Amino acid sequence: MKIFIDGKLCSEQDAKVSVFDHGLLYGDGIFEGIRIYNGRVFKLKEHIDRLFYSAKAILLDIPMSHAELMKATVDTCRANDLRVGYIRLIVTRGVGTLGLNPRSCKNPSVIIIANTIQVYPAELYAHGMSIVTVPTVRNLHSALNPAIKSLNYLNNILAKIEANNAGVEEAVMLNSEGFVAECTADNLFILKNGALLTPPLSAGALYGITRGTVMELAEKAALKVSEPNLTRYDLFNADECFLTGTGAEIMPVVKIDGRVIGTGQPGPLTRKLVEEYHALTNSTGEPIY
Ligand code: PXG
């Protein structure tokens, strides 16, 4: 495997970061998770846009331009001869002293890993997922804004552990007011009386690229889409529910906290969106070859 690290493609063995990198020492950095489908990088521009927004929010100067990052990402996929897969694009604050002051880090590091992907079992897509609400509250946007895709994912990891301990794969995370924020690596949608609803970013959701794509698909199908605050009660009484994310794509949800959602099977709108999403992932994106 060839890995892009600080301007060069190198072997897996040579792709190393320092123990003094503040990405490791403090989680000081940002990342993107991107998919490759059918020889193309899906929504690459949108991912790199979001990377720059995250960088701006944490005062991190990415040492490459938007165009250079697009090219380096595509080049890394080509060097690994990938037609389907997963890209992890990381920018760390770089090497500094032991002490959290980012001014000691002179050179942010850019790392691009392009590899195969591990996806959820097909069974879950066919029959839907059970999820639970967990005690860990989503980060306050006034403390660490969940819109920043930072290298500090402990908030989500704790929620994931709590979901796993409860015997399920995903967690519904609420914000400090008790409104639904999102899941650990996915946004959440419900369908109620023919309208699609998803929490607003202000509730503590990431500006998900899959979320945006699904909202566009829904609007094209003349479906009403809105972003109100949602409570667990709204989830329990939904007609359909699904999660969206680069990794999970569109995952139907059929049970939440022991309550059966809708008919207990993936709903018709969810299935339709899944089909349209797959059509889009297979036909659009930045060509690698
Ligand atoms: N919320 C959170 C907290 C996320 O981390 C999403 C929502 C969905 O956003 P996108 O833009 O993907 O639709 C995410 C995405 C990984 C990985 O390897 C994580 C994500 C995406 C891809 C890979 O952990 N998180």
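Quick note: structure is the one above.
Just so you know, the residues in each chain are numbered from 1, in the order the chain's sequence is written. In keeping with the predicted nature of the model, local features appear solely for residues at pLDDT of at least 70, side-chain atom pairs appear and are counted solely at 80 or more, and the whole-chain, interface and lining totals rest on all residues. Heavy atoms from the whole structure form the basis of all side-chain values; hydrogens and water molecules are not counted.

(A) Structural context of the pattern of salt bridges. Salt bridges, as used here, are contacts in which a Lys or Arg side-chain nitrogen is within 4 Å of a carboxyl oxygen on Asp or Glu. On inspection of all chains with the given rule, the structure shows 10 salt bridges. Asp28 serves as the salt-bridge partner of Arg93, at 2.8 Å between the closest nitrogen and oxygen. Note that Arg93 is positioned in the loop between β5 (85–92) and β6 (109–115) and Asp28 in the loop between α1 (22–26) and β3 (29–37), a separation of 65 residues in sequence. For the pair Arg93 and Asp28, one class covers both residues: buried. A salt bridge links Asp75 to Lys71; the shortest N-O distance between them is 2.7 Å. Helix numbering and strand numbering both begin at the N terminus, where a helix is a DSSP run of H or I of at least 4 residues and a strand a DSSP run of E of at least 2. When accessible area is computed with a 1.4 Å probe and restricted to protein chains, residues below 20% of their type maximum are described as buried, those above 50% as exposed, and intermediate ones as partly exposed.

(B) View of the side chain of Lys149. Structurally, the position occupied by Lys149 is in the loop between β7 (129–133) and α5 (154–165). Those residues in contact with Lys149, other than ones at most four positions away along the chain, are Gly29, Ile30, Phe31, Glu32, Gly33, Arg50, Ser54 and Leu206. Any two residues whose heavy atoms approach within 4.5 Å are treated as being in contact.

(C) The arrangement of the packing of aromatic side chains in detail. Stacked, edge-to-face and tilted are the three classes for Phe, Tyr and Trp ring pairs, Trp counted by its six-membered ring, which pair at centre distances within 6.5 Å; planes under 30 degrees apart are stacked, over 60 edge-to-face, the rest tilted. What the rule picks out here adds up to four aromatic pairs. Measuring from ring centre to ring centre gives 5.8 Å for Tyr37 and Phe42, while their planes differ by 85°; the resulting arrangement is edge-to-face. Phe42 shares its class with Tyr37; the two are buried. When the centroid spacing of 5.1 Å and the interplanar angle of 15° are considered together, the rings of Phe189 and Phe242 count as stacked. Placement of the pair is Phe189 in strand β10 (residues 187–192) and Phe242 in strand β13 (residues 240–245), with a sequence separation of 53 residues. Accessibility assignment for this pair places Phe189 and Phe242 in one class, buried. Cluster of aromatic residues (ring-pair linked, three or more members): Tyr37, Phe42 and Tyr277. Here, over-ring charges are defined by two tests on the NZ atom of lysine or the CZ atom of arginine: distance to the ring centre within 6 Å, and angle to the ring normal within 35 degrees. Across from the ring centre of Tyr289, 4.1 Å away, lies the NZ or CZ of Arg83, which sits over that ring. The cationic tip of Arg259 hangs over the ring face of Phe236; the distance from NZ or CZ to the ring centre is 3.9 Å.

Remember that the coordinates give geometry; whether it matters functionally is a separate question.
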